[in-house]
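Structural overview for review
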Amino acid sequence: MTPRILVALIVVLGLTGCATRLNPFNWFGGDREERIAVEETAVAGDPDYRQLVTQVVSLNVDAMPGGAIVRAVGLPPRQGYWEADLVEVGRDNGELVFEFRVYQPMDPNTRPGTQQSREILAGTSLSRQDLSGIRSIVVIAAQNRRSVRRS
């Protein structure tokens, strides 16, 4: 009976380490929000007519074989926004920066709706080479930005 208890204790203690820095799947910690005001400017030669989403509600980076998946949830002002993407805009000093871009609804009279009905998801995958030297990932919206850092 004692060996079973000892094995169970080792398993339980080993699993508690999975939620800390010992877990290789926790590459990036929880996201942090910073309130900003972005003034959109047209970039010459840029055919992307999408605008920045109003807010980034959450940002997650999940490990996968060969890299990671970056997922962000955005909140536009009303329902009907579509074709959301995380567009890479910069890579400097160990920071990878994305803009959360969406198309406006065709009908200007769409309802505001609840926050849950307006939330829109965008994501991108990054290879190990893409993540080489990256210490933080930032996603920018019109009113805020969220970032995650490697632990």
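Keep in mind that what you see is a predicted model, and the values were worked out from it rather than measured.

Let us look at the packing of aromatic side chains. Applying the stated criterion across every chain yields a total of one aromatic pair. Here W82 and Y103 contribute two aromatic rings whose centre-to-centre distance is 4.7 Å and whose plane-to-plane angle is 25°, an arrangement assigned as stacked. Here Y103 lies in strand β6 (residues 95–103) and W82 lies in strand β5 (residues 82–92), a separation of 21 residues in the sequence. Looking at W82, the relative accessible area reads 34%, which means it is partly exposed. Overall, Y103 belongs to the partly exposed group, its relative accessible area being 23%. Seen from the ring of Y103, R50 lies directly overhead, with NZ or CZ sitting 5.8 Å from the centre.

In this structure, L86, F100, I137 and V139 are the most contacted members of the largest nonpolar core, which totals 23 residues. When contributions to this core are tallied by element, the ones reaching two or more residues are β3 (55–64), β4 (67–75), β5, β6, β7 (120–127) and β8 (136–140). The residues contacting V139, other than those within four sequence positions of it, are V56, L59, A72, L86, F98, F100, N144, R145 and R146.

Conventions adopted
Residues numbered from 1 in each chain as written. Predicted model: local features only at pLDDT ≥ 70, side-chain atom pairs only at ≥ 80, totals over all residues. Heavy atoms only, no water. Phe/Tyr/Trp six-rings, centres within 6.5 Å; stacked < 30°, edge-to-face > 60°. Helix = DSSP H or I, 4+ residues; strand = E, 2+ residues; numbered from the N terminus. Buried < 20%, exposed > 50% of the residue type's maximum accessible area, 1.4 Å probe, protein only. Lys NZ or Arg CZ within 6 Å of the ring centre and 35° of its normal. Core = buried A, V, L, I, M, F, W, Y, C linked by side-chain atoms within 4.5 Å. Contact = heavy atoms within 4.5 Å.

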